[in-house]
Amino acid sequence: MSDLDRPVWASLRYQSDWSLGDERARRFRPDINRFAATPDESAKNLGALAKLVQPGEDSVYLLQVPPIAVPPGMQATKVAQGVQMVATRPLQADDGAQLLGDADVAEMLSLATLTQPGPFLARTHTMGRFVGLRVNGRLVAMAGERMRFPGHVEVSGVCTHPDFRGRGLAGRLSAAVTADIQRRGERPFLHAWTTNTAAIALYEKLGFEVRIEVNVAVLQRGPA
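Let me sum up the structure you'll find in this document. Every value quoted in this text rests on a predicted model; they were computed, and no experiment measured them.

1. A closer look at the overall build of the protein chain
What the protein chain contains, in helices and strands, is 5 helices and 11 strands. Whereas a compact globule of 224 residues would reach a radius of gyration of roughly 17 Å, the protein chain reaches 17 Å, a difference of no more than 12%. For the protein chain, with 224 residues in total, the buried portion stands at 52%. Long-range pairs, those at least 24 residues apart, make up 71% of the contacts in the protein chain between residues at least 6 apart in sequence. Accessible area for the protein chain stands at about 10,300 Å²; split by element, carbon and sulfur atoms hold 49% of it. Within the protein chain, the 23 negative side-chain charges are centred at a point lying 2 Å from the centre of the 26 positive side-chain charges.

2. Points about unusual backbone geometry
Phi is positive for glutamine 116, which is not a glycine, with a value near 55 degrees. Mapped onto the elements of the fold, glutamine 116 is located in the loop between helix H3 (105–115) and strand E7 (130–135). In this structure, asparagine 136 takes a positive phi of about 55 degrees despite not being glycine. Relative to the assigned elements, asparagine 136 resides in the loop between E7 and strand E8 (138–149). Under the relative-accessibility criterion, asparagine 136 is labelled exposed at 81%.

3. Observations concerning the packing of helix H4 (residues 169–183) against helix H5 (residues 197–206)
Angle between the axes and distance between the axes: these two values describe a pair of packed helices. Following both chains from N to C, one finds H4 and H5 inclined at 50 degrees, their axes separated by 10 Å at the closest point. The orientation of H4 relative to H5 falls into the category oblique. Crossing of H4 against H5: the hand is right-handed. Here Ala170, Gly171, Ser174 and Ala175 of H4 come into contact with H5, specifically with Leu202, Tyr203 and Leu206.

4. Let's talk about the pairing of strand E5 (residues 74–87)
Where E5 lies against strand E11 (residues 208–221), 13 bridges are found, and the strand directions are antiparallel. Within the sheet, the bridge partner assigned to glycine 82 lies in E11 and is valine 214.

5. Observations concerning the sheet that holds E11
On the basis of which strands lie adjacent, the open sheet formed by 8 strands has the order E4-E11-E5-E10-E9-E8-E7-E6 and mixed pairing. Edge strands, defined here as strands with exactly one partner in the open sheet, are strand E4 (60–64) and strand E6 (98–100). Neighbour-to-neighbour, the strand axes of this sheet turn through a mean angle of 35 degrees, independent of strand direction. In the sheet, E6 pairs with E7 via 3 bridges, with the strands oriented antiparallel. In the sheet register, leucine 100 faces E7, and the bridge partner there is phenylalanine 130.

6. Overview of the sheet that holds strand E3 (residues 36–37)
Within the open sheet, the 3 strands sit side by side as E1-E2-E3. Their pairing is antiparallel. The open sheet is flanked by strand E1 (19–21) and E3, the only strands paired with a single partner. As judged from the 3 bridges shared by E1 and strand E2 (residues 26–28), these two strands associate in the antiparallel manner. If you follow serine 19 over to E2, its bridge partner there is phenylalanine 28. This element, helix H1 (residues 7–14), spans E1, E2 and E3 of the sheet and lies at about 80 degrees to E2.

About the cut-offs
- The residue count restarts for each chain, going from 1 along the sequence in the order it is written.
- Confidence filtering applies because this is a predicted model: local features only for residues at pLDDT of at least 70, side-chain atom pairs given and counted only at 80 or more, and all residues used for totals across whole chains, interfaces and linings.
- Where side-chain values are given, they derive from all heavy atoms of the structure, hydrogens and water being excluded.
- Every helix listed is a DSSP run of H or I at least four residues long, and every strand listed is a run of E at least two residues long, numbered separately from the N terminus.
- Note on method: radius of gyration uses C-alpha positions; expected globular size equals 2.2 Å times residues raised to 0.38.
- Only protein chains enter the calculation, and the probe is 1.4 Å; a residue is then buried if its accessible area is under 20% of its type maximum, exposed if over 50%, and partly exposed in between.
- Contacts: residue pairs with any heavy atoms within 4.5 Å of one another.
- The accessible surface values rely on the Shrake-Rupley method and a 1.4 Å probe; as for residues, cover is taken only from the protein chains in view.
- By the counting rule applied here, Lys and Arg register as positive and Asp and Glu as negative, while His and the ends of each chain are not counted.
- Positions of charges follow a simple convention, taking NZ of Lys, CZ of Arg, CG of Asp or CD of Glu.
- Each axis is a line fitted through C-alpha atoms, taken for helices only over the stretch in contact, and angles between the N-to-C directions span 0 to 180 degrees.
- Geometric relationships in this document are graded by angle, where less than 35 degrees denotes roughly parallel, more than 145 denotes roughly antiparallel, 65 to 115 denotes roughly perpendicular, and other angles denote oblique.
- By convention, the crossing between two helices is left-handed when the near helix turns anticlockwise from the far helix through less than a right angle, and right-handed when the turn is clockwise.
- By definition, two strands form a pair when at least two bridges between them are found by DSSP.

All quantities given are derived from atomic positions and should not be read as evidence of function.
This is the structure in structure tokens:
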């Protein structure tokens, strides 16, 4: 099985300094991201995953190609299908994209909260390189890197303020992030909901191809 079939698990093992858990189950630290994973769906691994989430805590996200099994004591608040796409041709960087960092976190969080590109927390931006575009000093679009493991880096956090959509900003930034990943000799990949046909069409125009469908579930721990 390719690491791309369980990208969260592959990333958590590689980015272990940002994770909690062990070889049975891992999750990103709550200030980094909300993704969690197991290497397979054995009973002991699912039990270990449940123990990593406290009752009343925010949900965790599972994303993988194999069918998702809900651990005992947890419940799925959302189950959906997505696609995993991989870049198939070289892209060019955008000279107008600005590197984002700690000083931009408040604006990044505000933009992500408004547009909901996926889980984005106070330290998500530390997972990789994030870039943005500003209009009159205002951050109106961004994109960056999230999960990574040897040879692969995920393009994520792609979002544009509603007032500035239709100008090609998401495409520009996705291309910029992709080009930088390629420059380092790594393969860019990304995920999109199957229902988000506009995003899939944009990524296909940039040179991404659908590799496979993925299963997504949002899980919460039930009352103790």
